[in-house]
There are 2 protein chains.
Amino acid sequence: MGISKIDKMHSLSKNQQIIFNLIDKSPEPLKAYTILFNVQKKGIKAPLQVYRALDKLVEIGKIHKIESRNAFIACHNSSCQVAKATAFSICEICEKVTEISSAGLSKYLAGFKDKDGMKYSKYNLEFFGLCKKCR
Amino acid sequence: MGISKIDKMHSLSKNQQIIFNLIDKSPEPLKAYTILFNVQKKGIKAPLQVYRALDKLVEIGKIHKIESRNAFIACHNSSCQVAKATAFSICEICEKVTEISSAGLSKYLAGFKDKDGMKYSKYNLEFFGLCKKCR
DNA sequence: ATTAAAATGTTATATTATTACATACTGTTA
DNA sequence: TAACAGTATGTAATAATATAACATTTTAAT
Ligand SMILES: [Zn+2]
Ligand SMILES: [Zn+2]
Ligand SMILES: [Zn+2]
Ligand SMILES: [Zn+2]
């Protein structure tokens, strides 16, 4: 059995794969220059190489950017293959970040319409608080 | 009638007032260095002076940071005197940003609990789409 | 083989934000 | 008033985050 169309569409280039692997195995969100430092031994030498891979990985939904932290985590939510509807919980003490997958939440937000009738194609939600350990 | 306690607590210093005035009268979110450029004639010369005022204004809820844009807008939602529960709509073409004040939305999000039972003290939500004009 | 799209390599630069340290102002209390 | 604590300011230097511009190479389809 060959590569399915959807897998092929999202197959990663060399730099993308190196950077995705690093982020995917990290227990915490990684910043661009932390990534750069960690992949220099693999031949990725310049910020732009990192940012280009990050842009692509975000675009195809393999990773997400935590906007309030300028950091990136791998997607562990099988339902969000594209970065269109993201929600995270962030501990303000230990900085642990978890992707939230709640059918109720995503349904509520996907259906939300504001007063102007503006219809949204995308959202990002970041919750802040204290995690179990830090409470 | 004197200054009420709550007003006094939130009374602004000179730099804070200058920077708040600028943001408050701007039709669009302003970036830190745009602010710096625009207040140099008022004697504010260094980035740090801007960032310190911004930090304070965010803390007391007079302005909000649009995380995905690294920009700041004045709060026009009387119910959010502190920056604990914010929601915005952002047009991806013209970059118009509007603060959303929906009782339903804030009630839903304030009450949201994730699987781990983590209770949140704060959230920020950014919706993206096309505004009326750009559609 | 031709070709177009995507990805890479490289240098330089732009943008966003903080550290460190010295000084001054504001309001309260002894 | 004098002392004090908390907040705000001024200034220089630097750190951290992100993009512009341009040349080249790889990939994958025709
Ligand atoms: Zn995801
Ligand atoms: Zn924690
Ligand atoms: Zn507000
Ligand atoms: Zn628009």
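Residues numbered from 1 in each chain as written. Chains lettered and ligands numbered in written order. Predicted model: local features only at pLDDT ≥ 70, side-chain atom pairs only at ≥ 80, totals over all residues. Heavy atoms only, no water.

### Structural notes on the coordination of the zinc ion (ligand 4)
Residues and elements named next belong to chain B.
(1) Moving on: Around the zinc ion (ligand 4), the protein contributes the donor atoms Cys91 (SG), Cys94 (SG), Cys131 (SG) and Cys134 (SG), which lie 2.3 to 2.4 Å from the metal centre.
(2) Moving on: Coordination geometry of the zinc ion (ligand 4): the four donor atoms subtend angles of 106 to 113° at the metal centre, consistent with an arrangement described as tetrahedral.
(3) Moving on: The sequence pattern describing where the donors of the zinc ion (ligand 4) fall on their chain is C-x2-C-x36-C-x2-C. Separated by 40 residues along the polypeptide, Cys91 in strand 3 (residues 85-91) and Cys131 in the segment after strand 5 (120-129) bring together distant segments of the chain.
(4) Moving on: The buried category is assigned to Cys91, whose relative accessible area is 1%. (Donors = N, O, S within 2.8 Å, 3.2 Å for Na, K, Ca; no water. Tetrahedral: all angles 85-135°; square planar, octahedral: opposite > 155°, others 65-115°. Helix = DSSP H or I, 4+ residues; strand = E, 2+ residues; numbered from the N terminus. Buried < 20%, exposed > 50% of the residue type's maximum accessible area, 1.4 Å probe, protein only.)

### Things to note about the protein's contact with DNA strand D
(1) Moving on: Lys31, Leu48 and Lys65 of chain A together with Gln49 and Arg52 of chain B are the nearest of the 17 residues found near DNA strand D.
(2) Moving on: Looking at DNA strand D alone, sugar and phosphate atoms form 49% of those within 4 Å of the protein.
(3) Moving on: Side-chain polar atom of Tyr33 of chain A to a base nitrogen of DNA strand D: 2.9 Å apart, as the coordinates give it.
(4) Moving on: In the environment of DNA strand D, a phosphate oxygen lies 2.8 Å from a nitrogen or oxygen atom belonging to the side chain of Lys65 of chain A.
(5) Moving on: Only helix 4 (47-59) of chain A together with helix 2 (14-25) and helix 4 (47-59) of chain B provide two or more residues apiece to the surface near DNA strand D.
(6) Moving on: For the surface near DNA strand D, the residue count by class is five nonpolar, five polar and seven charged. (Near = heavy atom within 4 Å. Polar contact = N/O pair within 3.5 Å; in protein donor to acceptor, adjacent residues only side chain to side chain. Nonpolar A, V, L, I, M, F, W, Y, C, P; charged D, E, K, R; others polar.)

### A look at the interface of chain A and chain B
(1) Moving on: On the side of chain B, 34 residues touch chain A, which itself brings 34 residues to the contact.
(2) Moving on: Taken over both partners, the interface formed by chain A and chain B buries close to 2,800 Å², and the fraction arising from carbon and sulfur atoms is 60%.
(3) Moving on: Looking only at chain A, the three residues that lose the most surface to chain B are Met118, Phe127 and Phe128 of chain A, adding up to 20% of its buried area.
(4) Moving on: Remark: the boundary between chain A and chain B carries two salt bridges.
(5) Moving on: Measuring nitrogen to oxygen at the nearest pair gives 3.5 Å for the salt bridge that ties Glu92 of chain B to Lys122 of chain A.
(6) Moving on: On the surface where chain A and chain B come into contact, there are 14 residue pairs in polar contact (both at pLDDT 80 or more).
(7) Moving on: Sorting elements by how many residues they give to the side of chain A that touches chain B places strand 5 (residues 120-129) of chain A first, with 10 residues.
(8) Moving on: Relative to strand 5 of chain B, strand 5 of chain A is paired through nine bridges, and the arrangement is antiparallel. Looking at strand 5 of chain B, one finds that Asn124 of chain A is bridged to Glu126 of chain B. (Contact = heavy atoms within 4.5 Å. Buried area = accessible area lost by both parts, 1.4 Å probe. Salt bridge = Lys/Arg side-chain N within 4 Å of Asp/Glu carboxyl O. Pairing = 2+ DSSP bridges.)

### Thoughts on the relation of the copies chain A and chain B
Two copies of one chain are present, and they are related through a rotation about an axis combined with an axial shift.
(1) Moving on: Take chain A, turn it by 180°, move it 0.0 Å along the axis, and it overlays chain B with an RMSD of 0.0 Å. In symmetry terms, the pair is related by a two-fold rotation axis. The rotation axis passes nearest to the C-alpha of Leu125 of chain A in chain A, at a distance of 2.2 Å.
(2) Moving on: Mapped onto chain B, 100% of the interface residues of chain A are again interface residues, and the two copies thus contact each other with one and the same surface. (Least-squares fit on C-alpha atoms with pLDDT ≥ 70 in both.)

### Observations concerning the packing of helix 2 of chain B against helix 4 of chain B
Residues and elements named next belong to chain B.
(1) Moving on: Taken N-terminus to C-terminus, the directions of helix 2 and helix 4 make an angle of 75°; their axes are 9 Å apart at the nearest point. Classified by the interaxial angle, the pair formed by helix 2 and helix 4 is roughly perpendicular. For the pair helix 2 and helix 4, the contacting residues are Asn15, Gln16, Ile19, Phe20 and Ile23 in the first and Gln49, Val50, Ala53, Leu54, Lys56 and Leu57 in the second.
(2) Moving on: Looking at side-chain class alone, the contact of helix 2 with helix 4 contains seven nonpolar, three polar and one charged residues. (Axes fitted to C-alpha atoms, helices over the stretch in contact; angles between N-to-C directions. Parallel < 35°, antiparallel > 145°, perpendicular 65-115°, else oblique.)

### Points about the pattern of salt bridges
Residues and elements named next belong to chain B.
(1) Moving on: One pass over the structure, following the stated rule, counts six salt bridges over all chains.
(2) Moving on: When the shortest N-O distance is used, the salt bridge between Glu95 and Arg69 registers 2.6 Å. On the criterion of sequence distance, the pair formed by Glu95 in the loop between strand 3 and strand 4 (97-99) and Arg69 in the loop between strand 1 (63-66) and strand 2 (71-74) is long-range, its members being 26 residues apart.
(3) Moving on: Residue classification places Glu95 among the partly exposed positions, given a relative accessible area of 32%.
(4) Moving on: Here Arg69 falls in the partly exposed class, since its relative accessible area comes to 22%.

### Structural notes on the protein's contact with DNA strand C
(1) Moving on: Of all residues adjacent to DNA strand C, which total 15 residues, the nearest are Gln49 and Arg52 of chain A together with Lys31, Leu48 and Lys65 of chain B.
(2) Moving on: Put simply, 46% of the atoms of DNA strand C that lie within 4 Å of the protein are in sugar or phosphate.
(3) Moving on: A distance of 2.9 Å separates a phosphate oxygen of DNA strand C from a polar atom in the backbone of Asn15 of chain A.
(4) Moving on: Lys31 of chain B is positioned with one of its side-chain polar atoms (N or O) 2.4 Å from a phosphate oxygen of DNA strand C.

### Quick word on the confidence of the model for chain A
(1) Moving on: Averaged over all residues, the pLDDT of chain A is 89; the fraction at 70 or higher stands at 89%.
(2) Moving on: Low pLDDT, under 50, characterises residues 1-8 of chain A; the predicted model gives this stretch two contacts beyond four residues in sequence or across chains. (pLDDT = per-residue confidence, 0-100.)

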